[in-house]
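Each chain is listed here by its residues.
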Amino acid sequence: MLLLGLLLSLSVFACSDDAGDDDDDDTATDGDTDDDDDVTDGDDADDDDDDDDTDMDGDSDGDDETTDDDDDDDDVDGDTFSLETYCETHDCNPACDEGHPLALVTGLVQNENGEPMPNIIVTLCLEKPDGTASCQPCGTTDATGRMMAAPPASARCVDFASWRVVSYNEALDRVDRVIVSAEVDTTLGAAQELPEAIVLPVVPDCTRTPLGTASEPHTVTASDDTTLELIPADFSALGGTYDQLNLLPWNAEAWGWPAFLDSQNPPDGLVAFLPENTIETAGGAMIRFPNSKDYEAGTVVDLYGLGGTDTRDAAGIKVAEGVWARIGSATVSADGQWVESDAGSGLTFTTWAGWKKP
């Protein structure tokens, strides 16, 4: 439990659906940018690596807050929840001179069998118009699997927001299911309910090259033969180890598309990784997908990745938490079987990755 204890000690600020806890509100605007840069785009490149790498194991900041029932659980019955009813007793239309109003993001979390998942860690990451940013622990999902992510009163006007859900397996002392995060589309309203359930399948163990010389390339291969080739020594030790690295090919037919994607314009291939981590190899690690669309040899496609707590592409450009962004290119192999990341366009972080023909 050493890793969990370390994560619980990180300083973050509690979510609230009430407008009155000034203690938490003031703390959230203290201007400490060490952690702030980690959750937003466009910030400086010199983030605090110690905090970033620790956060990227997927066990979100402030786990110790997850036993705090706040007021959310008292107001919610996941089976009968109504956003309209909720807003009758909560301020769902905060007034903002700057930024976009945000009062609540709610939705259901399920496992791969469609069953509700209680006690899932919920985090809300915010950037305010004045540039301050923080990740707010929002407790856990209730017995019906409903998450309630509401910012504190002082952070209800935002330039950017994203949510994240994490399933921590105490028996294994690690995260064993996919981590899902997504940017909040504030144009949909200050209070919004996700239209589809958030599905968190277990990430199974993969086939891998036995760890030998850590400075030489090794491979980790998923059930569909998607393969990540990386140098174990370049896989950040704070976020996890090479032996813990696994990837799950996404089954959209069974699970739908994750909330960070446009379901009307999904990728041609998608995989989720655990643990979330950084890869420090110059140019990134090579990833190879099966050519499931049978594109012709030499076809160039776009390579995508999902932003995490401290994620940058091979060019050093930051990808914000919950944002699905183009991070490079890939090409169909000469034999037509694979889609392989191009030199200098490899993966520099393990969250989610995918590809699509432009």
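Description of the structure in this document. Residue numbers restart at each chain and count upward from 1, following the sequence in its written direction. Where totals are concerned, whole chains, interfaces and linings use all residues; where local detail is concerned, this predicted model gives features only for residues with pLDDT of at least 70, and gives and counts side-chain atom pairs only at 80 or more. Each side-chain value is worked out from all heavy atoms of the structure, with water and hydrogens disregarded.

### A closer look at the overall build of the protein chain
Thinking step 1. On a plain count of helices and strands, the protein chain comes out with 7 helices and 24 strands.
Thinking step 2. Classification of residues uses two cut-offs on accessible area relative to the type maximum, computed with a 1.4 Å probe and protein chains only: under 20% is buried, over 50% is exposed, and between them is partly exposed. A buried classification covers 56% of the 358 residues belonging to the protein chain.
Thinking step 3. Contacts are assigned to residue pairs with any non-hydrogen atoms lying within 4.5 Å of each other. Long-range pairs, those at least 24 residues apart, make up 71% of the contacts in the protein chain between residues at least 6 apart in sequence.
Thinking step 4. Only the protein chains shown count as cover for residues, with accessible areas throughout obtained via the Shrake-Rupley method and a probe of 1.4 Å. Element-wise, carbon and sulfur atoms account for 44% of the exposed surface of the protein chain, whose accessible area totals about 14,900 Å². Helix and strand assignments follow DSSP, with helices taken as H or I runs no shorter than four residues and strands as E runs no shorter than two, numbered in order from the N terminus.

### Some details on the layout of surface pockets
Thinking step 1. Cavity means a closed set of points on a 1 Å grid over the protein atoms alone, one where a 1.4 Å probe fits but cannot get out, pocket means an open set with protein on both sides within 12 Å along at least 5 of 7 lines, and lining means a residue has an atom within 4 Å of a point. Grid points are joined across faces, edges and corners, and a volume is the space filled by probe spheres set on the points. For the largest pocket, the calculated volume is near 750 Å³.
Thinking step 2. Elements with a contribution of two residues or more to the lining of the largest pocket: β7 (160-166), β10 (180-183), β11 (191-193) and β12 (198-199).
Thinking step 3. Think of it as three bins: nonpolar holds Ala, Val, Leu, Ile, Met, Phe, Trp, Tyr, Cys and Pro, charged holds Asp, Glu, Lys and Arg, and polar takes everything else, Gly as well. The residue inventory of the lining of the largest pocket, partitioned by class, reads 21 nonpolar, 6 polar and 6 charged.

### Some words on the packing of aromatic side chains
Thinking step 1. The aromatic pairing rule takes the rings of Phe, Tyr and Trp, using the six-membered ring of Trp, and pairs them if the centres are within 6.5 Å, calling planes under 30 degrees apart stacked, those over 60 edge-to-face and the rest tilted. Applying the stated criterion across every chain, the model contains 8 aromatic pairs.
Thinking step 2. Taken together, a centroid distance of 5.3 Å and an interplanar angle of 35 degrees make the contact between F260 and W324 tilted. Separated by 64 residues along the polypeptide, F260 in the loop between α7 (252-255) and β17 (269-278) and W324 in strand β22 (residues 324-332) bring together distant segments of the chain. Note on accessibility: F260 and W324 belong to one class, buried.
Thinking step 3. For the pair F260 and W352, a centre-to-centre distance of 5.0 Å together with 70 degrees between the ring planes defines the contact as edge-to-face.

### Some remarks on the nonpolar core
Nonpolar side chains in soluble globular proteins tend to be buried together.
Thinking step 1. W163, V165, V178, I198, L200 and W352 are the most contacted members of the largest nonpolar core, which totals 44 residues.
Thinking step 2. Here, nonpolar core means buried Ala, Val, Leu, Ile, Met, Phe, Trp, Tyr and Cys residues that are tied together by side-chain atoms lying within 4.5 Å of each other. Within the second largest apolar cluster, 31 residues are counted, among which are C206, F273, Y295 and V301.

### A closer look at the state of the cysteines
Thinking step 1. In plain terms, two cysteine sulfur atoms within 2.5 Å form what is called a disulfide here. Overall, the coordinates contain 3 disulfides when judged by the stated rule.
Thinking step 2. With a sulfur-sulfur separation of 2.2 Å, C87 is cross-linked through a disulfide to C92. In this structure the cystine formed by C87 and C92 twists about its S-S bond by roughly -90 degrees; its chirality is therefore left-handed.
Thinking step 3. Residue classification places C87 among the partly exposed positions, given a relative accessible area of 27%.
Thinking step 4. Take C92: its relative accessible area is 6%, and that puts it in the buried class.
Thinking step 5. Note on cysteine connectivity: C96 is disulfide-linked to C157, with sulfurs 2.0 Å apart. One quick way to see it: the torsion about the S-S bond of C96 and C157 is about -90 degrees, and its sign makes the bridge left-handed. Residue C96 is located in the loop between α6 (83-89) and β1 (100-101), and its partner C157 is located in strand β6 (residues 157-158); the two are separated by 61 residues in the primary sequence.
Thinking step 6. Classification of C96 as partly exposed rests on a relative accessible area of 23%.

### Overview of the environment of I120
Thinking step 1. You can see I120 is positioned in the loop between β2 (104-110) and β3 (121-127).
Thinking step 2. For I120, a relative accessible area of 2% gives the class buried.
Thinking step 3. Along the chain, I120 and S167 lie 47 residues apart, while their C-alpha atoms are 5.1 Å from each other.
Thinking step 4. When neighbours within four sequence positions are excluded, I120 is seen to be in contact with V109, G139, T140, T141, V165, V166, S167 and L200.

### So, unusual backbone geometry
Thinking step 1. Residue P275 is bonded to the preceding L274 through a cis peptide linkage, with omega at -10 degrees.
Thinking step 2. At D173, a residue that is not glycine, the phi angle is positive and equals roughly 60 degrees.
Thinking step 3. Following the sequence through the fold, D173 ends up in the loop between β8 (168-169) and β9 (174-175).
Thinking step 4. Of note, D294 is a non-glycine position whose phi angle comes to about 55 degrees, a positive value.

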